[in-house]
Amino acid sequence: YYTVSGDTFGELDRDIKLHGPNVTGVGKALASTDLRMVPDIRYERLNGKCEISKARINVKARVTLPRHANERRLKADLARAWNNLEEYARVHEAVHLALADRYALLMEDAITALTPKENCTKMRENVQSVFSRLFEQHHAEQLQFDADEKARIRKLTIQAKSNQS
């Protein structure tokens, strides 16, 4: 967690921009998830061929979320808005984790399904190729989720502003 303080929307926004986690390519953000996929692949020789005996992809994640320094002090409207923002951040980062978990399982299944090779060097090359391809798909899907969310929030903001007019 990082701490945010402020008694107005402007103060909260400024504090998030000052203390929020730094996201590559974005800058300061409300929340972030730093993901790593750590493969644990085991090989064995059977019947003169190299095959996969274990394929496990461990997802390591560090999630950074905001916490208000004194939430009880906030006025009712700001307290509701802060609670909504905090909940949105939790759900948004949970989706990033769920995408990573889904891709880890896809990687495990794809690696386990590889046909045995004449030697383990060839098998390792195939494993690396599958892992890299699926990791790139995973990364693209993570970026697409963020882009879709940004567009959705922008649309909601525009609608809210037009409803206030």
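Use the structure listed above.
All of the points below concern the structure found in this document. The residue numbering used here restarts from 1 in each chain and proceeds along that chain's sequence as written. In view of the model being predicted, local features appear only for residues whose pLDDT reaches at least 70, and side-chain atom pairs are presented and counted only at 80 or more, with totals across whole chains, interfaces and linings using the full set of residues. Values reported for side chains reflect all heavy atoms of the structure, with hydrogen atoms and water molecules removed beforehand.

## Concerning the side chain of His-138
Here a strand is any run of E in DSSP of at least two residues, a helix any run of H or I of at least four, and the numbering for each starts at the N terminus. Within the element layout of this structure, His-138 appears in helix H3 (residues 120–164). Only protein chains enter the accessibility calculation, which uses a 1.4 Å probe; a residue is then buried when its area is under 20% of its type maximum, exposed when over 50%, and partly exposed in between. Note on His-138: relative accessible area 5%, which makes it buried. The criterion used for residue contact is that any of the two residues' heavy atoms lie within 4.5 Å. When neighbours within four sequence positions are excluded, His-138 is seen to be in contact with Leu-35, Met-37, Leu-99, Ala-100 and Tyr-103.

## Digging into the nonpolar core
Ranked by size, the top nonpolar core spans 18 residues in total, and within it Met-37, Ile-41, Ile-52, Ile-57, Ile-111 and Val-127 carry the most contacts. Taken together, the elements giving at least two residues each to this core come down to strand S4 (32–46), strand S5 (49–64), helix H2 (76–112) and H3. Per-element tally for this core: the top contributor is H3, with six residues. Other than its neighbours up to four places away in sequence, Ile-41 contacts Ile-52, Lys-54, Ala-55, Arg-56, Ile-57, Ile-111 and Val-127. Throughout this description, the term nonpolar core refers to a set of buried Ala, Val, Leu, Ile, Met, Phe, Trp, Tyr and Cys residues connected via side-chain atoms within 4.5 Å.

## Things to note about the pairing of S4
Here, strands pair whenever DSSP counts at least two bridges between them. Bridge count for S4 against S5 is 15 bridges, and the pairing is antiparallel. The residue bridging Ile-41 from the neighbouring strand is Ala-55, located in S5. Counting the residues between successive antiparallel strands, the hairpin from S4 to S5 contains two residues, one of them, Asn-47, with a positive phi of roughly 50°.

## Side note on the packing of aromatic side chains
Stacked, edge-to-face and tilted are the three classes for Phe, Tyr and Trp ring pairs, Trp counted by its six-membered ring, which pair at centre distances within 6.5 Å; planes under 30 degrees apart are stacked, over 60 edge-to-face, the rest tilted. Evaluated as defined, the whole model comprises one aromatic pair. Relative to Phe-135, the ring of Phe-131 lies with its centre 6.1 Å away and its plane at 15°, an arrangement referred to as stacked. Placement of both Phe-131 and Phe-135 in helix H3 is noted, with a separation of four residues, approximately one turn of the helix. Given a relative accessible area of 13%, Phe-131 falls into the buried group.

## Quick notes on the side chain of Glu-149
If you trace the backbone, Glu-149 turns up in helix H3. Of note is the side chain of Glu-149, whose polar atom sits 2.7 Å from the side chain of Tyr-88. In this structure, Glu-149 is in contact with Tyr-88 and His-92, ignoring residues within four places of it in sequence. Within 3.5 Å is the distance limit for a polar contact, defined as a pair of N or O atoms, with the added protein rule that one can donate a hydrogen and the other accept it, and that residues adjacent in sequence qualify only through two side-chain atoms.

## Quick notes on unusual backbone geometry
The general pattern is negative phi for most residues beyond glycine and trans for most peptide bonds. A positive phi angle, close to 50°, is found at Asn-47, a residue other than glycine. For Asn-47, a relative accessible area of 81% puts it in the exposed group.

## Considerations on the pattern of salt bridges
Any Lys or Arg side-chain nitrogen found within 4 Å of a carboxyl oxygen on Asp or Glu counts as a salt bridge. Across all of its chains, the model carries nine salt bridges by this definition. The partner of Asp-40 in a salt bridge is Lys-54, and the shortest N-O contact between them spans 2.9 Å. Of this pair, Asp-40 sits in strand S4 while Lys-54 is found in strand S5, placing the two residues 14 residues apart along the sequence. Judged by relative accessible area, Asp-40 falls into the buried class, the value being 18%. Take Lys-54: its relative accessible area is 35%, and that puts it in the partly exposed class. Taken together, the shared-partner salt bridges connect Asp-40, Arg-42 and Lys-54 into one network.

## Concerning the state of the cysteines
Throughout, a disulfide means two cysteine sulfur atoms within 2.5 Å of one another. Under the criterion given, the structure shown has one disulfide. A sulfur-sulfur distance of 2.0 Å marks the disulfide that ties Cys-50 to Cys-120. Negative torsions about the S-S bond denote left-handed disulfides, and the value of about 100° found for Cys-50 with Cys-120 makes this one right-handed. Of this pair, Cys-50 sits in strand S5 while Cys-120 is found in helix H3, placing the two residues 70 residues apart along the sequence. On the basis of relative accessibility, which here comes to 16%, the residue Cys-120 falls in the buried class.

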